[in-house]
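The chain contents come next:
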Amino acid sequence: ETGVTQTPRHLVMGMTNKKSLKCEQHLGHNAMYWYKQSAKKPLELMFVYNFKEQTENNSVPSRFSPECPNSSHLFLHLHTLQPEDSALYLCASSPREAGGPYNEQFFGPGTRLTVL
Amino acid sequence: KNQVEQSPQSLIILEGKNCTLQCNYTVSPFSNLRWYKQDTGRGPVSLTIMTFSENTKSNGRYTATLDADTKQSSLHITASQLSDSASYICVVSPGYSSASKIIFGSGTRLSIRP
């Protein structure tokens, strides 16, 4: 158990559906992240929240909409997705936003998303 | 361009054998390098981290090495077990900067056969 949970674990949706992914961390961290992981590709950073404020939007299409109501919860709202958006979506948290050696990112198990 | 290249892309070995995974990077400036293990259906979990001044770090049967001059790292797995079957991801950070500067490799998919 990494202390980061994600729901649902699997999601199948049509291109016209609206759904949300949920992430919760129990580690007392202040930074939370959404990553997209496609087969044989490096993890792609999508969004970063630091102390509930969005600090990174890595040119993500507007059909992905993040929400961070507090430091423990992170949502990714999905609407009008495309089949190429099918991937594993990983949530992560860390003590603060940075790439320093003492700022390990802890990952959740991911949500496997399939867009039909 | 900052990049992290891992080799091989995939590897199959017999249980009990040793193996070495490679990571070459062009990230600059350099702060630290992590190796993550990602089991199927799970998120990545950190195995080791090395900073500029460290050239080896062990975690049980996993030993990571770093050559900051040649910008190469390796992950050596000793006496492999079936539970070592996973993807291994090399991640390089340029330092105390934004998360967008953290560079992930594509991973090596390791399969251990009984």
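Everything below is about the structure printed above this text.
As the structure is a prediction and not an experimental result, all values here were calculated from the model. (Residues numbered from 1 in each chain as written. Chains lettered and ligands numbered in written order. Predicted model: local features only at pLDDT ≥ 70, side-chain atom pairs only at ≥ 80, totals over all residues. Heavy atoms only, no water.)

A.B. asks: Report on the environment of B:E15, specifying residues and quantitative values.
C.D. replies: Residue and element names in this part refer to chain B. By the secondary structure assignment, E15 is in the loop between β2 (10–14) and β3 (19–25). A C-alpha to C-alpha distance of 5.3 Å links E15 and S80, two positions 65 residues apart in sequence. Here E15 is in contact with S80, Q81, L82, I112, R113 and P114, once residues within four sequence places are set aside. (Helix = DSSP H or I, 4+ residues; strand = E, 2+ residues; numbered from the N terminus. Contact = heavy atoms within 4.5 Å.)

A.B. asks: Talk me through the packing of aromatic side chains; I want residue IDs and the actual numbers.
C.D. replies: Going through the model one piece at a time under the given rule, you end up with seven aromatic pairs over all chains. When the centroid spacing of 5.9 Å and the interplanar angle of 35 degrees are considered together, the rings of A:F64 and A:Y89 count as tilted. Of this pair, A:F64 sits in strand β7 (residues 64–70) while A:Y89 sits in strand β9 (residues 87–94), and the two are 25 residues apart along the sequence. For the pair A:F64 and A:Y89, one class covers both residues: buried. Cluster of aromatic residues (ring-pair linked, three or more members): A:Y33, A:Y35, A:F107, B:Y36 and B:F104. Lying over the aromatic face of B:Y62, B:R61 brings its terminal NZ or CZ to 5.7 Å of the ring centre. (Phe/Tyr/Trp six-rings, centres within 6.5 Å; stacked < 30°, edge-to-face > 60°. Buried < 20%, exposed > 50% of the residue type's maximum accessible area, 1.4 Å probe, protein only. Lys NZ or Arg CZ within 6 Å of the ring centre and 35° of its normal.)

A.B. asks: Now, about the sheet that holds β7(A): what can you tell me, with residues and values included?
C.D. replies: Residues and elements named next belong to chain A. Here we have four strands laid out as an open sheet, ordered β1-β3-β8-β7, and antiparallel in their pairing. At either margin of the open sheet sits one strand with a lone partner, and together these are β1 (4–7) and β7. Strand-to-strand twist in this sheet, taken as the mean axis angle between neighbours without regard to direction, amounts to 20 degrees. Looking at chain direction, β7 and strand β8 (residues 73–79) are connected through five bridges and run antiparallel. In the strand pairing of β8, S65 is matched with H77. (Pairing = 2+ DSSP bridges. Axes fitted to C-alpha atoms, helices over the stretch in contact; angles between N-to-C directions.)

A.B. asks: Residue-level account of the pairing of β8(A), with values.
C.D. replies: Residues and elements named next belong to chain A. Pairing of strand β3 (residues 18–25) with β8 involves seven bridges; the strand directions are antiparallel. Directly across from S20, in β8, lies its bridge partner H77. Between β7 and the antiparallel strand that follows it, β8, lie two residues.

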